[in-house]
Amino acid sequence: MQLEGSCHCGEVTFSLTSAHPYPYQRCYCSICRKTQGGGGYAINLGGDATSLKVRGRKHISIYHAKMKDEGDKRAHRSTAERHFCSLCGSGLWLFSPEWPELIHPFASAIDTPLPVPPEHTHLMLGSKASWVEVEAKTKDQQFDVYPEESIAQWHERLGLTR
């Protein structure tokens, strides 16, 4: 599926192809919640990094989250790159050098109508904010940390690959 996305002010637009366009995975970690999730979580999609086309690249800022594992004295800088519009602050996509073939656009930045997922995965619930109510349905899966099932595997399991 071809995805078209943009920031709120329109100075950055982008497109990419996605074999995994269902916005099903809700991440409640503090990084996603604070950088992208006004409702307490963020939703990332899966896309082909080689297909990414960007207009307005000069207006993009990149943020590397500070992460501190339990027991660590100091925080370390995440290798993952969160891309934002430097003018309006809209979150656009996440790129991790650990998976260079993937781009994870934030569902909130996508302008293309997305398919409605038949179920959701709620992850990183162990670090969700106390005020957030998880609206899980019967088929939904819930995890305190990351599930073993990838975005691609979820789509394959449900027969939703394109």
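Criteria and cut-off values
Residues numbered from 1 in each chain as written. Predicted model: local features only at pLDDT ≥ 70, side-chain atom pairs only at ≥ 80, totals over all residues. Heavy atoms only, no water. 1 Å grid on protein atoms, 1.4 Å probe; cavity = no way out; pocket = protein on both sides within 12 Å on 5 of 7 lines; lining within 4 Å. Points joined across faces, edges and corners; volume = space filled by probe spheres on them. Helix = DSSP H or I, 4+ residues; strand = E, 2+ residues; numbered from the N terminus. Nonpolar A, V, L, I, M, F, W, Y, C, P; charged D, E, K, R; others polar. Core = buried A, V, L, I, M, F, W, Y, C linked by side-chain atoms within 4.5 Å. Buried < 20%, exposed > 50% of the residue type's maximum accessible area, 1.4 Å probe, protein only. Contact = heavy atoms within 4.5 Å. Polar contact = N/O pair within 3.5 Å; in protein donor to acceptor, adjacent residues only side chain to side chain. Pairing = 2+ DSSP bridges. Axes fitted to C-alpha atoms, helices over the stretch in contact; angles between N-to-C directions.

Draft legend 1. View of the layout of surface pockets. Taken as a whole, the largest pocket holds about 1000 Å³ of empty space. Lining of the largest pocket is provided by 34 residues; of these, N44, L94, W99, H104 and Y146 occupy positions nearest its centre. Examining the composition of the lining of the largest pocket, we find that three residues originate from one element, helix α1 (residues 30-35), more than from any other. Within the lining of the largest pocket, the residues separate by chemical class into 17 nonpolar, eleven polar and six charged.

Draft legend 2. Molecular detail of the nonpolar core. Of all hydrophobic cores here, the largest spans 18 residues; its most connected members are V12, F14, L16, L52, L92, W93 and I103. If you list the elements that add at least two residues to this core, you get β2 (13-17) and β11 (91-95). Counting residues per element, this core draws most heavily on β11, at three residues. Aside from chain neighbours lying at most four places away, what touches F14 is L3, E4, G5, S6, L52, K53, V54, L92, W93, P105, A109 and I110. Core analysis: the next-biggest nonpolar cluster, separate from the first, contains eight residues, C29, A65, L123 and M124 among them.

Draft legend 3. The arrangement of the environment of Y24 in detail. Along the chain, Y24 turns up in the loop between β2 and β3 (25-27). With residues up to four places along the chain from it excluded, the contact list for Y24 reads I43, P117, E119, H120, T121, S150, I151, W154 and H155. Among the polar contacts listed, one links the side chain of Y24 to the side chain of Q25, at a separation of 3.4 Å.

Draft legend 4. Quick peek at the sheet that holds strand β6 (residues 53-55). Strand order in the open sheet formed by three strands is β1-β2-β6, and the pairing between neighbours is antiparallel. The sheet terminates laterally at β1 (2-6) and β6, the two strands that pair on one side only. Taken over all neighbouring pairs, the strand axes of this sheet differ in orientation by 15° on average, direction set aside.

Draft legend 5. Representation of the environment of T35. Note that T35 resides in helix α1. A relative accessible area of 23% means that T35 is categorised as partly exposed. With 58 residues separating them in the primary sequence, T35 and W93 have C-alpha atoms 11 Å apart. Apart from residues lying up to four places away in sequence, T35 is in contact with Y63, R82 and F84. A polar atom in the side chain of T35 sits 2.7 Å from the backbone oxygen of I31.

Draft legend 6. Seen up close, the sheet that holds β3. If you walk across this open sheet you meet the four strands as β4-β3-β13-β14, and the pairing is mixed. Two strands close off the open sheet at either side, each with one partner strand: β4 (42-43) and β14 (141-142). Here β3 runs beside strand β13 (residues 121-123); their pairing, made up of three bridges, is parallel. Following the sheet pairing, C27 is matched in β13 by L123.

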